[in-house]
Amino acid sequence: WIEAVGSNGASEKVAAEYATTAVSEDGRPARFALHAPHPNPFNCSTTITYSVAESGPVSVKVYNITGQCVATLADGIRTAGRYSVVWNPGTITSGVYICVMRSGTDMQARKLLMVK
């Protein structure tokens, strides 16, 4: 269970599996989604999972806090489905990074924290 607490102090418990990716009748993801990376924070590598609802161009890139692209994890046409990629930053310094997924006009971002 996850407990959501509002600014007025009211809380509500929600089943943790409620936040899973919606799936269409044919088993494909029902929406575009960049899922929470795991582990996060991480030391030497993290897995980034994303879902694509329709075939089309998809890019997944990692940016440092100053906005410079430090890694391109995916860049090309993807069919509808769920994908995973492992990011091993190598010699990049510890810090906060932003993973950004783009497809058409859709965009989502997730924060990554690397601790060496």
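Residues numbered from 1 in each chain as written. Predicted model: local features only at pLDDT ≥ 70, side-chain atom pairs only at ≥ 80, totals over all residues. Heavy atoms only, no water.

(A) Structural detail: unusual backbone geometry. Residue His38 is joined to Pro39 through a cis peptide bond whose omega torsion reads -10°. Looking at where Pro39 falls in the secondary structure, it is placed in the loop between strand S3 (33–34) and strand S4 (46–52). (Helix = DSSP H or I, 4+ residues; strand = E, 2+ residues; numbered from the N terminus.)

(B) Representation of a nonpolar patch on the surface within the structure. A surface patch of nonpolar side chains, about 330 Å² in accessible area, is lined by Ile65, Val96, Leu113 and Val115. By the element assignment, Val96 lies in strand S8 (residues 95–103). A residue is classified by how much of its surface remains accessible, and Val96, at 32% relative accessible area, is partly exposed. (Patch = residues over 30% accessible without salt bridge, like charges linked within 9 Å, V, L, I, M, F, W, Y side chains within 5 Å. Areas by Shrake-Rupley, 256 points an atom, 1.4 Å probe, with all protein chains shown as cover. Salt bridge = Lys/Arg side-chain N within 4 Å of Asp/Glu carboxyl O. Buried < 20%, exposed > 50% of the residue type's maximum accessible area, 1.4 Å probe, protein only.)

(C) View of the sheet that holds strand S9 (residues 106–114). If you walk across this open sheet you meet the four strands as S6-S5-S8-S9, and the pairing is antiparallel. With one partner strand each, in any of the chains shown, strand S6 (69–78) and S9 form the two edges of the open sheet. Between one strand axis and the next, the sheet turns through 15° on average, direction left out of account. (Pairing = 2+ DSSP bridges. Axes fitted to C-alpha atoms, helices over the stretch in contact; angles between N-to-C directions.)

(D) Geometry of the pairing of S4. A large share of S4 lies buried, amounting to six of its seven residues. By the bridge criterion, two bridges tie S3 to S4 in an arrangement that is antiparallel. In the sheet register, Ala33 faces S4, and the bridge partner there is Ser51. Sheet topology note: the S4/strand S7 (residues 81–87) ladder contains seven bridges and is antiparallel.

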